[in-house]
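Reading the structure
Given next are the chains, with one letter for each unit.
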Amino acid sequence: MKPPPGMAGISLHREIRSHLAEVDPVCREIRSLLEDNGQAAACFGVELVAREWLNNAIVHGNRLDAGKKVALNLRIGRKWIYLQIIDEGPGFDWRKARRASPPDDTVIGGRGLPISVLYACRITFNQRGNQVSLWLKKESKGG
Amino acid sequence: MAYYTIERKENQCLVALQGDLTAPLIPDLQAALKKNLEQGVEEAVFDLGNTVMLDSSGIGLLIATCNSLAQKKGKMRVLNVSPDILRLLQSMRLVTRLNAAGREPGEEKHG
């Protein structure tokens, strides 16, 4: 899994094994990169969305198969923070997930996508459903 | 390594998180909570004063605890929630359900 074209500049590319314990170190790197580049206010949203999709990729995508990897690409662009997460699983039916109503307040799961919609301005999936790309608004100067 | 403490006082338990309430912590904390609920806890108080991040797995654990307590007419509170987490819970319409309250001014934590 290689970083996509156009990932030059302020960017981060990481590949992790399918263990939930590997999510925290990547998220710490994301936080540091954002803070070091004047994006402290965006940290919570970006880290949260990254966590949601890394967790999904590990648990539902790769089904905790330690032999399979999850790749994360992050780029701080001029206007947007771009996040891409790719797993090696069969993919999920993102069309069906997008049509689903948000869970009510007694339902335990199913909040990954609704949370992402709160923070990301644009979310796209590949056809197979094992790659998600998200665009989050960058903190404006003085904002 | 424990990332939380559970202090038991009769039928109440205080769960103090030492860090984030996210997916890697959930299985261990869930088992500890289940044990306490089975032993008669009717009120759970979560202190998120040291918590910077709450993901959907953490939200799921809070809702599951709330559901279990509701079945025995117990109650739950989530205290010292950071502004970022409070905004998340407000957006997900969970503040009332989880009985969540923000930190007092001057108690801001930085991650």
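Residues numbered from 1 in each chain as written. Chains lettered and ligands numbered in written order. Predicted model: local features only at pLDDT ≥ 70, side-chain atom pairs only at ≥ 80, totals over all residues. Heavy atoms only, no water.

**With respect to unusual backbone geometry**
Phi at B:Lys73 is positive, roughly 55°, even though this residue is not glycine. Mapped onto the elements of the fold, B:Lys73 is located in the loop between helix 2 (56-71) and strand 4 (75-81). (Helix = DSSP H or I, 4+ residues; strand = E, 2+ residues; numbered from the N terminus.)

**Quick notes on the sheet that holds strand 4 of chain B**
Residues and elements named next belong to chain B. Here we have five strands laid out as an open sheet, ordered 1-2-3-4-5, and mixed in their pairing. Two strands in the sheet have a free side with no partner beyond their single neighbour: strand 1 (4-9) and strand 5 (100-102). Recorded for the sheet is a direction-independent mean angle of 15° between the axes of neighbouring strands. Relative to strand 5, strand 4 runs parallel, the two sharing two bridges. Looking at strand 5, one finds that Val81 is bridged to Gly102. Helix-sheet contacts for helix 1 (residues 26-38) involve strand 1, strand 2 (12-17) and strand 3 (43-47), and the interaxial angle to strand 1 is about 5°. (Pairing = 2+ DSSP bridges. Axes fitted to C-alpha atoms, helices over the stretch in contact; angles between N-to-C directions. Contact = heavy atoms within 4.5 Å.)

**As for the environment of B:Leu29**
All names here are of chain B. Turning to its location among the elements, Leu29 is positioned in helix 1. Judged by relative accessible area, Leu29 falls into the buried class, the value being 0%. Residues Leu29 and Leu88 lie 59 residues apart in sequence; the distance between their C-alpha atoms is 22 Å. Ignoring sequence-local partners within four residues, the contact set of Leu29 consists of Tyr4, Ile6, Val15, Leu17, Leu21 and Leu61. (Buried < 20%, exposed > 50% of the residue type's maximum accessible area, 1.4 Å probe, protein only.)

**A closer look at helix 1 of chain B**
Residue and element names in this part refer to chain B. Taking 1.5 Å per residue as the helical rise, helix 1 with its 13 residues ought to reach 18 Å, and the 18 Å between its terminal C-alpha atoms agrees with that figure. Within helix 1, burial applies to Ile26, Leu29, Ala32, Leu33, Asn36 and Leu37. One side of helix 1 holds all its buried residues, which, seen down the axis, span an arc of 135°. Opposite the packed face of helix 1, turned more than 90 degrees from it, sit the exposed residues Pro27, Lys34, Lys35 and Glu38. Buried residues along helix 1 sit against strand 1, strand 2, strand 3 and helix 2. Where helix 1 terminates, the next one or two residues include Gly40, which has phi positive at roughly 105°. (Expected span 1.5 Å × (residues − 1). Arc of directions from axis to C-beta.)

**Quick look at the interface of chain B and chain A**
The interface of chain B with chain A comprises 24 residues on the first partner and 20 residues on the second. It is B:Met53, B:Ser56 and B:Met92 in chain B that bury the most area against chain A; as a group they hold 28% of the surface buried on that side. Here chain B and chain A share one salt bridge between them. For B:Asp20, the salt bridge goes to A:Arg51, with nearest N and O atoms at 4.0 Å. Linking chain B with chain A are four residue pairs in polar contact (both at pLDDT 80 or more). (Buried area = accessible area lost by both parts, 1.4 Å probe. Salt bridge = Lys/Arg side-chain N within 4 Å of Asp/Glu carboxyl O. Polar contact = N/O pair within 3.5 Å; in protein donor to acceptor, adjacent residues only side chain to side chain.)

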